[in-house]
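Here is how the chains run, residue by residue.
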Amino acid sequence: MIENKLTANDKQSKKQGGARAGAGRKPIGFTRKISLTLPEECWDEIDRCCGKGDYSVSEVLRSIIEENLNKADLL
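Before going into details, it helps to say that this report is about the structure given with it.

About the thresholds
- Residues numbered from 1 in each chain as written.
- Predicted model: local features only at pLDDT ≥ 70, side-chain atom pairs only at ≥ 80, totals over all residues.
- Heavy atoms only, no water.
- Axes fitted to C-alpha atoms, helices over the stretch in contact; angles between N-to-C directions.
- Helix = DSSP H or I, 4+ residues; strand = E, 2+ residues; numbered from the N terminus.
- Parallel < 35°, antiparallel > 145°, perpendicular 65-115°, else oblique.
- Contact = heavy atoms within 4.5 Å.
- Nonpolar A, V, L, I, M, F, W, Y, C, P; charged D, E, K, R; others polar.
- Salt bridge = Lys/Arg side-chain N within 4 Å of Asp/Glu carboxyl O.
- Buried < 20%, exposed > 50% of the residue type's maximum accessible area, 1.4 Å probe, protein only.

On to the packing of helix α2 (residues 40–53) against helix α3 (residues 57–74), then. Geometry of a packed helix pair, given as the angle between the helix axes and the separation of the axes. Viewed as axis vectors pointing N to C, α2 and α3 meet at an angle of 110°, and their least axial separation amounts to 9 Å. The angle between α2 and α3 falls in the class roughly perpendicular. Seen from α2, the contacting residues are Trp-43, Ile-46, Cys-49 and Cys-50; seen from α3, they are Val-57, Val-60 and Leu-61. Looking at the contact of α2 with α3, its residues break down into seven nonpolar, no polar and no charged.

With that settled, consider the pattern of salt bridges. According to the stated counting rule, one finds two salt bridges in the structure shown. Among the ionic pairs, Glu-45 bridges to Arg-48, the shortest N-O distance being 2.3 Å. Of this pair, Glu-45 and Arg-48 both sit in helix α2, separated by three residues, roughly a single helical turn. Its relative accessible area of 36% is what places Glu-45 among the partly exposed residues. Under the relative-accessibility criterion, Arg-48 is labelled partly exposed at 42%. Between Glu-67 and Lys-71 there is a salt bridge; the shortest N-O distance is 3.5 Å. Taken as a pair, Glu-67 and Lys-71 lie in helix α3 at a separation of four residues, close to a single helical turn. Of the residues examined, Glu-67 reaches a relative accessible area of 43% and is grouped as partly exposed. For Lys-71, a relative accessible area of 45% puts it in the partly exposed group.

Written out as structure tokens, the structure reads:
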């Protein structure tokens, strides 16, 4: 007869991981994949913004877009 022996690590691993309700990063919107062509000077400025605050390209572009959309609403 084969015994089913679980070590302490095996027991712990069975309790962790996997899908759980409410787990994970919360969405901030919908994702659409796009290709964006900009002059090199624009990409340099975006890269500069990313480097000075540890922001991702997505965060910088999102900020620029949201700021300009808000300005458009004020006109």
